[in-house]
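# Secondary and tertiary structure notes
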Protein chains: 2
Amino acid sequence: MQSLEELGKKAIAAKYKLQTLTEEEKNKALLCAAKGLQADCEKILAANAEDMRAGRENGMHAGLLDRLKLDEARIDAMADGLRQIAGLPDPVGNILDAWERPNGLKLQKISVPLGVIGIIYESRPNVTADAFALCFKAGNAVILKGGSDAIHSNMAITDSIRASLAKTNVTADAVQIVESTDREMAAQFMRCNDYIDVLIPRGSAGLIRAAVENSTIPIIETGTGNCHIYIDETADMTDSVNIVINAKTQRIGVCNACESLVIHEKVAAAFLPLLQKRLQEVHTVEIRGDEAVCHILPEAVRASEADYRTEYLDYILSAVTVKNIDEAIAHINRCSTRHSEAIMTKSRENAEKFTREIDSACVYVNASTRFTDGYEFGFGGEIGISTQKLHARGPMGLKELTSYKYVIAGNGQIR
Amino acid sequence: MQSLEELGKKAIAAKYKLQTLTEEEKNKALLCAAKGLQADCEKILAANAEDMRAGRENGMHAGLLDRLKLDEARIDAMADGLRQIAGLPDPVGNILDAWERPNGLKLQKISVPLGVIGIIYESRPNVTADAFALCFKAGNAVILKGGSDAIHSNMAITDSIRASLAKTNVTADAVQIVESTDREMAAQFMRCNDYIDVLIPRGSAGLIRAAVENSTIPIIETGTGNCHIYIDETADMTDSVNIVINAKTQRIGVCNACESLVIHEKVAAAFLPLLQKRLQEVHTVEIRGDEAVCHILPEAVRASEADYRTEYLDYILSAVTVKNIDEAIAHINRCSTRHSEAIMTKSRENAEKFTREIDSACVYVNASTRFTDGYEFGFGGEIGISTQKLHARGPMGLKELTSYKYVIAGNGQIR
């Protein structure tokens, strides 16, 4: 088993090689890796079967087992993901800006890879291929640190990709995996500043918090979404019901699902029973509300302050009534995780006020928060949804996996 | 004395107000603050006299005392700095990108303030006014944490600016200062994630390292510069000597000064004596070199590996000879702090190779590294030079003090 130092040194060597690859070389390597994953299907499924067996023995929850499970179709989907990323434009080497100074210096701002990216993630093995492909297309070397639940699957996928890369003129060390799954190793990984330029944790709120607390490497916080929908006084009731139901129930375990409703008091009595009625046709959702909400919906339970700050990822929805849009904005800015929020309104003025004053990555007018996603935004793929303000905010695609450098051409200028 | 929590809550309240200010309101406030600093000159100088007295009593070094000292001219310069920043374009509210999706969703990517910025800095009191002005113009609230050496000066400057802001319709809490100077408070400050969006440490390598190690708030690493100049085989000898002398001696205490020379072995014997001769006319510079360098320059001393990694900020220069440009690039990428590096060459091919493969924020061809500076780049001001790859790299002006949000307009779209 290699030490983090060994992995780090190899990643740095790889990073310098990757920076010099052409777009064609990168795409060729991605297509080769895609083909390789399908060719290695049996090996990967055998490794996955080991993880599944261990999961069952450890009493893993059915939902988690499903996320862990691979089959031929899922491996095909992984391979297709790599092919799609090969089809996206190269984000590296673009001249982002160019200008000349009075002293004759010519400046160019050019997009470059971040360098070495560390990814810490939990049980979904498809992240292994996805994260590699996005980082690689953006010219980065990547070191993966997956969870113990999926270690055999992750290693098999990584081995397959490395073998494919070695067949092209790309170094296999473009992707490496930390084989140890112990927690101390994860803590050490977060302090590998000498080797890793940027750390991206992908997974539960607990994992993100551990990275914020412990990482000395610059990180990008991703994913925690306590997303709100505000039903304004002038909201269209039918659209509002459709959108809340979509944002809450279409997929409950995702970070852009709606977790909290904010309702103008003048429309609460009209809206809530309508919502409740339509919800009964879809799925039971427990509503936790303030006094006014509970008065209108007898089946609702009283919400605590903690409820308004909770990302349920479940069939539960918190709800609060407000006197006006200012109260709505203040409530959301106080409780949100700065991921995605929506306003339902016919008032242009209120829509503008809401989008201006809400301090979140994505602010919607009359649309579902479920659209916060790299594919839905048209980025073609994403490495995560950033909820911080430094570097990237919202869905992070290829462009967000790059940095830039200034190249300055002179002819002897001194200061 | 207010607690960090009190300061933090006020900063958050201020941040929401600042986000809604127009460019005119911000500029008016900056001009008013500039006038106020000049009007409060006597008070500020009295406070500064206290810091100077304490500095002398504590045996502060003459160079540091000079950096700490204020006089009328320096206060005028501070005020002029504020006026210049008022004259720069507003970086907030710009539509950075806009597109429509097939489902009719209209997306806009809009520049927004970062929110609350924490600045930790050392003894130069002018940072107080500069940092406020840049953060403020970009719509951010700022909490300052200066060093104990300048605490009276910093507080007097902050009081003056706050009083001016209160006279306009801008909240005085746009700028606040941590009055306590104890170290435990600095450590707590770096963990105020609930209140501070971004932390920017400005000062010594030790301060930056402490922030990297201890901050849980996203930080921007600034300033450490082990900058290299590579003298290629085809370099113009006269330009090379001029540029090395400029980059090494024009101002030794700055992060973009040259600290290390890398010399193609074929030109070392021609270049080094020429450099040594010209240096004697300017200032004695100790050269620490490898065997070849010491052979050519008998007055040179042997460099250790540590020398090649040291930012001297002094009249010392390390020097190493290399066989070719690949060795030069490898040496620089191994030892540099990724700030600024230059190549002296007449070869277009080598210039391109160097600028492509050197992994630093600013890469120069035939020009002095001393140009890495917000003013020299034409940004009109800077909050620091970023040596990290996340968010901003190189000189950070107003644009780098903003983030963005996505605003998505729909008409009932669900997923």
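Residues numbered from 1 in each chain as written. Chains lettered and ligands numbered in written order. Predicted model: local features only at pLDDT ≥ 70, side-chain atom pairs only at ≥ 80, totals over all residues. Heavy atoms only, no water.

## Quick look at the overall build of chain A
Each helix and strand counted, chain A has 14 helices and 16 strands in total. In terms of overall size, chain A behaves like a compact globule, its C-alpha atoms giving a radius of gyration of 24 Å where 415 residues would be expected to give roughly 22 Å. Seen through its principal axes, chain A has C-alpha atoms that stretch 70 × 65 × 35 Å. Counting only residues that meet the buried cut, chain A has 61% of its 415 residues in that class. (Helix = DSSP H or I, 4+ residues; strand = E, 2+ residues; numbered from the N terminus. Rg over C-alpha atoms; globule rule 2.2 N^0.38 Å. Buried < 20%, exposed > 50% of the residue type's maximum accessible area, 1.4 Å probe, protein only.)

## Some points on the relation of the copies chain B and chain A
Superposing chain B onto chain A requires a rotation of 180° together with a translation of 0.0 Å along the rotation axis, leaving an RMSD of 0.0 Å. Given the turn and translation reported, the copies of this chain are related as if by a two-fold rotation axis. In terms of C-alpha distance to the rotation axis, chain B has His391 of chain B as its closest residue, with the C-alpha 1.7 Å off the axis. Most of the interface of chain B is mirrored in chain A, where 100% of its interface residues again form contacts. (Least-squares fit on C-alpha atoms with pLDDT ≥ 70 in both. Contact = heavy atoms within 4.5 Å.)

## Re the confidence of the model for chain A
For chain A, per-residue confidence averages 96 on the pLDDT scale, and residues scoring 70 or more make up 100% of the total. Among the scores for the predicted complex, ipTM is 0.95 and pTM is 0.94. (pLDDT = per-residue confidence, 0-100.)

## Remarks on the packing of helix α10 (residues 237-249) of chain B against helix α11 (residues 265-282) of chain B
Residues and elements named next belong to chain B. Axis separation between α10 and α11 bottoms out at 10 Å; the angle between their running directions is 50°. For the element pair α10 / α11, the angle class is oblique. Of the two elements, α10 crosses α11, and the hand of that crossing is right-handed. Across the interface between the two elements, Met237, Ser240, Val241, Asn242, Val244, Ile245 and Thr249 of α10 pack against Val267, Phe271, Leu274, Leu275, Arg278, Leu279 and Val282 of α11. Class assignment for the residues of the contact of α10 with α11 results in ten nonpolar, three polar and one charged. (Axes fitted to C-alpha atoms, helices over the stretch in contact; angles between N-to-C directions. Parallel < 35°, antiparallel > 145°, perpendicular 65-115°, else oblique. Left-handed = near helix turned anticlockwise from the far one by under 90°. Nonpolar A, V, L, I, M, F, W, Y, C, P; charged D, E, K, R; others polar.)

## What to know about the interface of chain B and chain A
Listed as interface residues are 78 residues of chain B and, on the opposing side, 78 residues of chain A. If you look at where chain B meets chain A, you find ten salt bridges. A salt bridge links Arg191 of chain B to Glu213 of chain A; the nearest nitrogen and oxygen atoms lie 2.9 Å apart. Across the chain B-chain A interface, the total number found is 45 residue pairs in polar contact (both at pLDDT 80 or more). For the side of chain B that touches chain A, the element with the most residues is strand β16 (residues 402-413) of chain B, which contributes eleven residues. Both strand β13 (residues 362-367) of chain A and β16 of chain B contribute to a ladder of five bridges, which runs parallel. Within β16 of chain B, the residue paired with Ala367 of chain A across the bridge is Gln413 of chain B. (Salt bridge = Lys/Arg side-chain N within 4 Å of Asp/Glu carboxyl O. Polar contact = N/O pair within 3.5 Å; in protein donor to acceptor, adjacent residues only side chain to side chain. Pairing = 2+ DSSP bridges.)

## A word on the side chain of Asn140 of chain B
All names here are of chain B. Topologically, Asn140 is positioned in the loop between α6 (126-137) and β4 (141-145). Owing to a relative accessible area of 0%, Asn140 belongs among the buried residues under this scheme. A polar atom in the side chain of Asn140 sits 2.7 Å from the backbone nitrogen of Leu114. Those residues within four positions of Asn140 in sequence are excluded, and the remaining contacts are Leu18, Pro113, Leu114, Gly115, Ile117, Cys135, Ala174 and Leu401.

## Digging into the packing of aromatic side chains
This model, assessed by the stated rule, comprises 18 aromatic pairs over all chains. Each ring, one from Tyr404 of chain B and one from Tyr406 of chain B, has its centre 5.5 Å from the other, and the planes form 75°; the classification is edge-to-face. Aromatic ring contacts, followed pair by pair, group Trp99, Tyr404 and Tyr406 of chain A together with Phe377 and Phe379 of chain B into a single cluster. Geometry around Tyr404 of chain B places Lys109 of chain B over its ring, the cationic atom sitting 4.2 Å from the centre. (Phe/Tyr/Trp six-rings, centres within 6.5 Å; stacked < 30°, edge-to-face > 60°. Lys NZ or Arg CZ within 6 Å of the ring centre and 35° of its normal.)

## Regarding the pairing of strand β2 (residues 106-113) of chain A
All names here are of chain A. The buried fraction of β2 amounts to six of the eight residues, a majority that puts the element mostly inside the structure. Between strand β1 (residues 95-100) and β2, which follow one another and run antiparallel, lie five residues, and Gly104 among them has a positive phi close to 90°. Bridging between β2 and strand β16 (residues 402-413) involves eight bridges; their strand directions are antiparallel. Paired with Ile110 across the bridge in β16 is Lys405.

## Things to note about the side chain of Glu259 of chain A
All names here are of chain A. For Glu259, the location among the structural elements is in strand β8 (residues 258-264). Judged by its relative accessible area of 0%, Glu259 falls in the buried class. A distance of 2.9 Å separates the side chain of Glu259 from the side chain of Lys248, its partner in a polar contact. Contacts of Glu259, omitting those with residues within four sequence positions, involve Gly225, Asn226, Cys227, Lys248, Thr310, Glu311, Tyr312, Leu313, Ile316, Leu317 and Ser318.

## Things to note about the packing of helix α2 (residues 23-39) of chain A against helix α6 (residues 126-137) of chain A
All names here are of chain A. Put simply, α2 and α6 touch, their axes get as near as 10 Å, and they point 165° apart. With respect to α6, the element α2 is oriented roughly antiparallel. Note that α2 runs across α6; the crossing there is right-handed. Residue-level inspection shows Glu23, Lys26, Asn27, Ala29, Leu30, Ala33 and Leu37 of α2 in contact with α6, the latter providing Ala129, Phe132, Ala133, Phe136 and Lys137. Looking at side-chain class alone, the contact of α2 with α6 contains eight nonpolar, one polar and three charged residues.

## Considering the sheet that holds strand β6 (residues 198-202) of chain B
All names here are of chain B. On the basis of which strands lie adjacent, the open sheet formed by four strands has the order β5-β4-β3-β6 and parallel pairing. Each edge of the open sheet is held by one strand with a lone partner, namely β5 (175-177) and β6. Averaged over neighbouring strand pairs, the angle between their axes works out to 20° when direction is ignored. Of the pairings in the sheet, the one linking strand β3 (residues 116-121) to β6 comprises five bridges and is parallel in character.

## Describing the pairing of strand β7 (residues 227-231) of chain B
For a regular strand, the rule is simple: side chains alternate between the two faces of the sheet. Residue and element names in this part refer to chain B. Counted residue by residue, β7 has five buried out of five residues, so it is predominantly covered. Neither face of β7 is exposed, since Cys227, Ile229 and Ile231 on one face and His228 and Tyr230 on the opposite face are all buried. As judged from the five bridges shared by β7 and strand β8 (residues 258-264), these two strands associate in the parallel manner. Bridge pairing links Cys227 to Cys258 in β8. With α10 bridging β7 and the parallel β8, this β-α-β connection has right-handed handedness. (Right-handed = clockwise from strand over helix to strand, strands pointing away.)

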